[in-house]
Amino acid sequence: MTAECDRVDLEPFSLRLARPLDTARGTIDHREGFLVRVACDGESGVGEATPLPGWTESLDDCEAALERATERAGSDGYEAALDALDARETPAARHGLSLALADARARATDEPLYRYLGGEAEVDAVPVNATVGDGDVETSVADAESAVDEGFDCLKVKVGARSLTADFDRVEAVREACPDATLRADANGSWDRETARRAMGQFGGHGVEYVEQPLPTGDLTGHADLRGGPVGVALDESLGEHGVDAVLAAGAADVLVLKPMALGGPDRARDAALRAREAGLEAVVTTTIDAVYARTAAVHVAASLAPLPACGLATADFLAEDLASDPAPVVHGAVTVPEGKGNVPAGGGSSSA
Ligand SMILES: [Mg+2]
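Reading the values: rules and limits
Residues numbered from 1 in each chain as written. Predicted model: local features only at pLDDT ≥ 70, side-chain atom pairs only at ≥ 80, totals over all residues. Heavy atoms only, no water. Axes fitted to C-alpha atoms, helices over the stretch in contact; angles between N-to-C directions. Helix = DSSP H or I, 4+ residues; strand = E, 2+ residues; numbered from the N terminus. Parallel < 35°, antiparallel > 145°, perpendicular 65-115°, else oblique. Contact = heavy atoms within 4.5 Å. Nonpolar A, V, L, I, M, F, W, Y, C, P; charged D, E, K, R; others polar. Donors = N, O, S within 2.8 Å, 3.2 Å for Na, K, Ca; no water. Buried < 20%, exposed > 50% of the residue type's maximum accessible area, 1.4 Å probe, protein only. 1 Å grid on protein atoms, 1.4 Å probe; cavity = no way out; pocket = protein on both sides within 12 Å on 5 of 7 lines; lining within 4 Å. Points joined across faces, edges and corners; volume = space filled by probe spheres on them. Pairing = 2+ DSSP bridges. Core = buried A, V, L, I, M, F, W, Y, C linked by side-chain atoms within 4.5 Å. Domains from an automatic or database assignment. Phe/Tyr/Trp six-rings, centres within 6.5 Å; stacked < 30°, edge-to-face > 60°. Lys NZ or Arg CZ within 6 Å of the ring centre and 35° of its normal. Patch = residues over 30% accessible without salt bridge, like charges linked within 9 Å, V, L, I, M, F, W, Y side chains within 5 Å. Areas by Shrake-Rupley, 256 points an atom, 1.4 Å probe, with all protein chains shown as cover. Salt bridge = Lys/Arg side-chain N within 4 Å of Asp/Glu carboxyl O. Lys, Arg positive; Asp, Glu negative; His and termini not counted. Charge placed at Lys NZ, Arg CZ, Asp CG, Glu CD. Expected span 1.5 Å × (residues − 1).

**A word on the packing of helix 3 (residues 91–108) against helix 11 (residues 266–278)**
The relative placement of two packed helices comes down to the angle between their axes together with the axis-to-axis distance.
Phase 1 of the analysis: Relative orientation of the contacting elements helix 3 and helix 11 amounts to 95°, with a least axis distance of 8 Å. As the angle between them shows, helix 3 and helix 11 are arranged roughly perpendicular. Touching Arg94, His95, Ser98 and Leu99 of helix 3 are Pro266, Asp267 and Arg268, all from helix 11.
Phase 2 of the analysis: Residue composition of the contact of helix 3 with helix 11, grouped by class: two nonpolar, two polar and three charged.

Here is the structure:
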């Protein structure tokens, strides 16, 4: 291989959100990032680096890391450039290059990305959950019912923004309105230990499968202490702060919520899921409100691990515009897995939707 041919092209993009989104670092109304293009093994590949501060490096740090990687690829080759990108320090930048290379190589071997990543079986679709955002009881029930009408059988209720009593009323009302749905809750780290203990006890009575991030990110011991009851503990934000190994070592979770953009790439996310499985934990895959290339790659990561519990991959609607047509639409509570070669197949995939 001639290293001088290992060329990386970066293309910045900015996409409007359908509505403003509250994040750990304030409200955002755009998603900005970089398309990362490579050519290797006779094929071109496209990656996406869409940093979300609070979860990943900043946009500026992402750009600087990608520019260094571009130079390094030109002098030492793609693998050296990828190795030099730190998955903890600049996960979005590493995601961009890692995805671009995996996309090109999957195309070169004429297989969909999920098979290239190691998926052994053919997978048509991955089940996904609908999110019921914070709102009063009536709004929460209406959102839950319309999701079930659309075919979702797993609902994730956002909690923690109001009192525990108010959240309990919401979960109870959603349970009564949707008796057959799998229910989860996501507290985004907003409870203290005592509130979390009471919440998990009460939610257990309504068959809530697990609560995502009941306690602040740093409290691995508190999360470990919450396990063992009827409601599982899922960790999301804590993975970014501590990494998968520390979370597993602390015995802090029953379920890992894996965001490929925050973990440094599709390869890293899949590896984390396999390690979680080895430790007897479940994993689900979700996005950081990414554009179509990263979102579809997250679908491929989930497909490569099938069967998984319902994943958080129904996030295309957060964007008012996108970089290409969506090859992985949500149909009846499951996201379609593109069957063409690579990540986003030419022409938007095999689906006609
Ligand atoms: Mg979460």
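And the narrative resumes.
**Brief notes about the coordination of the magnesium ion**
Phase 1 of the analysis: Here the magnesium ion is held by the protein donor atoms Asp186 (OD), Glu212 (OE) and Asp236 (OD), which lie 2.1 to 2.3 Å from it.
Phase 2 of the analysis: Donor residues for the magnesium ion sit on one chain with the sequence pattern D-x25-E-x23-D. With a gap of 24 residues between them, Glu212 in strand 8 (residues 208–212) and Asp236 in the loop between strand 9 (232–235) and helix 9 (237–250) connect regions that are remote in the sequence.
Phase 3 of the analysis: Residue Glu212 is classed as buried on the basis of its relative accessible area, which comes to 2%.
Phase 4 of the analysis: A relative accessible area of 4% means that Asp236 is categorised as buried.

**Some words on the layout of surface pockets**
Phase 1 of the analysis: For the second largest pocket, the calculated volume is near 510 Å³.
Phase 2 of the analysis: As for the second largest pocket, its lining consists of 25 residues, of which Arg88, Leu239, Gly240, Glu241 and Ala262 are closest to the centre.
Phase 3 of the analysis: For the lining of the second largest pocket, the secondary structure elements donating two or more residues are helix 9, helix 10 (260–263) and helix 11.
Phase 4 of the analysis: Per element, the largest residue contribution to the lining of the second largest pocket is nine residues, and it comes from helix 9.
Phase 5 of the analysis: Tallied by class, residues from the lining of the second largest pocket come to ten nonpolar, five polar and ten charged.

**Describing the pairing of strand 10 (residues 255–258)**
Phase 1 of the analysis: Taking every second residue as pointing to the same face, both faces of strand 10 are buried, with Val255 and Val257 on one and Leu256 and Leu258 on the other.
Phase 2 of the analysis: Sheet analysis places strand 9 next to strand 10, joined by two bridges and oriented parallel. Looking across to strand 10, one finds that Ala234 is bridged to Val255.
Phase 3 of the analysis: Across four bridges, the pairing between strand 10 and strand 11 (residues 282–285) is parallel. Among the inter-strand pairings, Leu258 is bridged to a residue of strand 11, identified as Val285.

**Quick notes on the nonpolar core**
Phase 1 of the analysis: Counting 74 residues, the largest nonpolar core has Leu155, Trp191, Phe203, Val211, Leu256, Val285 and Leu313 as the members making the most contacts within it.
Phase 2 of the analysis: Here this core takes six residues from helix 12 (residues 292–304), the largest share from any one element.
Phase 3 of the analysis: Both domains that furnish three or more residues to this core are identified here as domain 1 (3–110) and domain 2 (125–348).
Phase 4 of the analysis: In contact with Leu155, other than residues within four places in its own chain, are Ala130, Val132, Ala144, Ala147, Val148, Val174, Cys178, Ala181, Thr182, Leu183 and Arg184.
Phase 5 of the analysis: With 23 residues, the next largest nonpolar core counts Cys62, Ala81, Met261 and Ala294 among its residues.

**Points about the sheet that holds strand 4 (residues 125–127)**
Phase 1 of the analysis: The strand order across the open sheet built from three strands is 4-13-12, with neighbouring strands paired in antiparallel fashion. If you trace the sheet from one side to the other, it starts and ends with strand 4 and strand 12 (330–331), each paired once.
Phase 2 of the analysis: Taken together, the two bridges between strand 12 and strand 13 (residues 334–336) define a ladder with antiparallel strand orientation. Within strand 13, the position partnered with Val330 by the bridge is Val335.

**Section: the packing of aromatic side chains**
Pairs of aromatic rings are described using the distance from one ring centre to the other and the angle between the two planes.
Phase 1 of the analysis: For the coordinates displayed, the defined rule picks out one aromatic pair.
Phase 2 of the analysis: If you follow Lys259 out to its NZ or CZ, it ends over the ring of Trp55, 4.3 Å from the centre.

**A few points about a negative patch on the surface**
Phase 1 of the analysis: On the surface, Asp60, Asp61, Glu63, Glu67 and Glu71 cluster together into a negatively charged patch.
Phase 2 of the analysis: Here Asp60 is to be found in helix 1 (residues 59–76).
Phase 3 of the analysis: Overall, the relative accessible area of 57% leaves Asp60 in the exposed class.

**A closer look at helix 12**
Phase 1 of the analysis: For helix 12, built from 13 residues, the straight-helix expectation of 18 Å at 1.5 Å per residue is met to within 8% by its first-to-last C-alpha distance of 18 Å.
Phase 2 of the analysis: Burial analysis of helix 12 places 13 of its 13 residues in the buried class, the great majority of the element.

**Focus on the pattern of salt bridges**
Phase 1 of the analysis: One pass over the full model with this rule turns up 23 salt bridges.
Phase 2 of the analysis: One salt bridge connects Asp134 with Arg170, and the closest N-O pair in it is separated by 3.9 Å. One end of the pair, Asp134, is in the loop between strand 5 (130–132) and helix 5 (137–150); the other, Arg170, is in helix 6 (residues 164–177), with 36 residues separating them in the sequence.
Phase 3 of the analysis: Judged by its relative accessible area of 39%, Asp134 is partly exposed.
Phase 4 of the analysis: Residue class for Arg170 comes out buried when judged on its relative accessible area of 1%.
Phase 5 of the analysis: Among the salt bridges present, the one from Arg170 reaches Asp167, with a minimum N-O distance of 2.8 Å. Of this pair, Arg170 and Asp167 both sit in helix 6, three residues apart, which is roughly one turn of that helix.
Phase 6 of the analysis: In the salt-bridge network here, residues are joined through shared partners; they are Asp134, Arg162, Asp167 and Arg170.

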